[in-house]
Amino acid sequence: MRKLRKAVIPVAGLGTRFLPATKSMPKEMLTVVDKPILHYAVEEAYEAGIEHFVLVTGRNKSAIEDYFDMQPELLAMLEKSGKSAQLELLRDLQPRAGSISYTRQQSPEGLGHAVWCARDIVGDEPFALLLPDMVSFGDRGCLAQIVETYNSTGGNVIAVENCAPHETDQYGIVGRGAEIGTGFQITEMVEKPAPGVAPSNMYINGRYILQPEIFDILGSQTRGAGNEIQLTDAMARLMAKQAFYGRQFNGRMFDCGSKLGFIQANIAFALQRPELRNSVMEGIRSLVEPDGMLTGT
Ligand code: UTP
């Protein structure tokens, strides 16, 4: 089995669901509490043992490269003013020199196309794929969980969660086969099936381990839903040649590309922080309690 060392993180989308915020700021830099959502994905990947990151960026995304760069003036200022906690925070965030590569998707032609843009940097080895607007919440990151499954099954591994049966037409859905260790065999994959014809209510939640053979398939993939190059369509073709396994994520993924998911993530992560928990609870209560400010709105 080939060792997993690299992660691809596509950040070239337009983020139209979050306009106007995303007009001049990358969606992936929206903050949950005090960190950009992209930072959560990078931390999750480190936890899973990833050594090299491939960020697929696009126009108007330079804030992302700046975020992971060194800022000597800021560090010097923090040092001079004795702000050692903030100094340490920034030093911890700093990736090892050479451990992040950037490539550009020249136009946002879909997730499958963004992944294909990483082919030369990934080369002939398996890679993890993290959609950064899906933010993992729980004791153990979602990627670490599917890496555990991958270490016993090999092949391609996808994390899944359950959606309400009437919501299958919003997601990529998998069919469930035989149980294998911590996972199960995937029998089929369908993009946004109508409720009633969907093979299950298990949806692909934005964390994958894929074999490099996906790149050749993506290179010849025709446009699918939304006139975009769809990753799910390419994975369905790869399934004819290679095994795919699913793993139910023990935790919760917040879809921070949607307004509701983003707001829920902010509340969940704030409540998890000991220094914020009580004041956030109190703040929410003061808005919604019977004589609160928002009662009746
Ligand atoms: P989304 O479909 O959630 O992102 O893609 P989007 O297209 O930017 O969002 P909306 O629907 O317009 O609001 C998931 C991830 O894949 C990246 C996005 O940046 C996001 O991190 N992506 C998507 C690309 O890099 N390129 C694409 O062509 C599409």
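Draft legend 1. Up close: the overall build of the protein chain. The secondary structure content of the protein chain amounts to 11 helices and 13 strands. Taken over C-alpha atoms, the radius of gyration comes to 20 Å for the protein chain, in line with the 19 Å a tight globule of 297 residues would show. Long-range pairs, those at least 24 residues apart, make up 74% of the contacts in the protein chain with a sequence separation of at least 6. Counting only carbon and sulfur atoms, one obtains 52% of the accessible surface of the protein chain, whose full area is about 14,800 Å². Of the charged side chains in the protein chain, 29 are positive and 35 negative; the average position of the first set lies 3 Å away from that of the second.

Draft legend 2. Structural detail: the site of the ligand. In the vicinity of the ligand lie 18 residues, with Gly15, Thr16, Glu28, Gln105 and Asp133 positioned nearest. Taking threonine 16, its side chain carries an N or O atom lying 2.6 Å from an oxygen atom of the ligand. Within the backbone of arginine 17, one N or O atom sits 2.8 Å away from an oxygen atom of the ligand. For the ligand, whose unbound accessible area comes to 570 Å², protein coverage reaches 84%. Each residue belonging to the shell around the ligand can be placed in one class, and the counts come to eight nonpolar, five polar and five charged.

Draft legend 3. Structural view of the pairing of strand S1 (residues 6-10). Along S1, five of the five residues are buried, which leaves the element largely enclosed by surrounding structure. Here S1 shows two buried faces, one formed by Lys6, Val8 and Pro10 and the other by Ala7 and Ile9. Two strands pair when backbone bridges link them, and S1 and strand S4 (residues 52-57) are joined in this way by five bridges, in the parallel orientation. Within the sheet, the bridge partner assigned to lysine 6 lies in S4 and is histidine 52. Where S1 and strand S6 (residues 127-130) come together, three bridges link them in parallel fashion. For lysine 6, the partnering residue across the bridge sits in S6 and is phenylalanine 127.

Draft legend 4. Expanded view of the pattern of salt bridges. Applying the stated criterion across every chain, the model contains 19 salt bridges. A salt bridge links glutamate 44 to arginine 207; the nearest nitrogen and oxygen atoms lie 2.9 Å apart. Taken as a pair, glutamate 44 in helix H1 (residues 37-47) and arginine 207 in strand S11 (residues 202-210) lie far apart in primary sequence, 163 residues in all. We classify arginine 207 as buried; its relative accessible area is 0%. Glutamate 282 is the salt-bridge partner of arginine 285, the closest N and O atoms lying 3.1 Å from each other. Residue arginine 285 and its partner glutamate 282 are located together in helix H11 (residues 274-288), separated by three residues, close to a single helical turn.

Draft legend 5. View of the pairing of S6. Of the two faces of S6, the one lined by Phe127 and Leu129 and the one lined by Ala128 and Leu130 are each fully buried. Where S6 and S11 come together, four bridges link them in antiparallel fashion. The residue of S11 that forms the bridge with leucine 130 is arginine 207.

Cut-off values and rules
- Residues numbered from 1 in each chain as written.
- Predicted model: local features only at pLDDT ≥ 70, side-chain atom pairs only at ≥ 80, totals over all residues.
- Heavy atoms only, no water.
- Helix = DSSP H or I, 4+ residues; strand = E, 2+ residues; numbered from the N terminus.
- Rg over C-alpha atoms; globule rule 2.2 N^0.38 Å.
- Contact = heavy atoms within 4.5 Å.
- Areas by Shrake-Rupley, 256 points an atom, 1.4 Å probe, with all protein chains shown as cover.
- Lys, Arg positive; Asp, Glu negative; His and termini not counted.
- Charge placed at Lys NZ, Arg CZ, Asp CG, Glu CD.
- Near = heavy atom within 4 Å.
- Polar contact = N/O pair within 3.5 Å; in protein donor to acceptor, adjacent residues only side chain to side chain.
- Nonpolar A, V, L, I, M, F, W, Y, C, P; charged D, E, K, R; others polar.
- Buried < 20%, exposed > 50% of the residue type's maximum accessible area, 1.4 Å probe, protein only.
- Pairing = 2+ DSSP bridges.
- Salt bridge = Lys/Arg side-chain N within 4 Å of Asp/Glu carboxyl O.

Taken by themselves, the reported measurements are silent on function.
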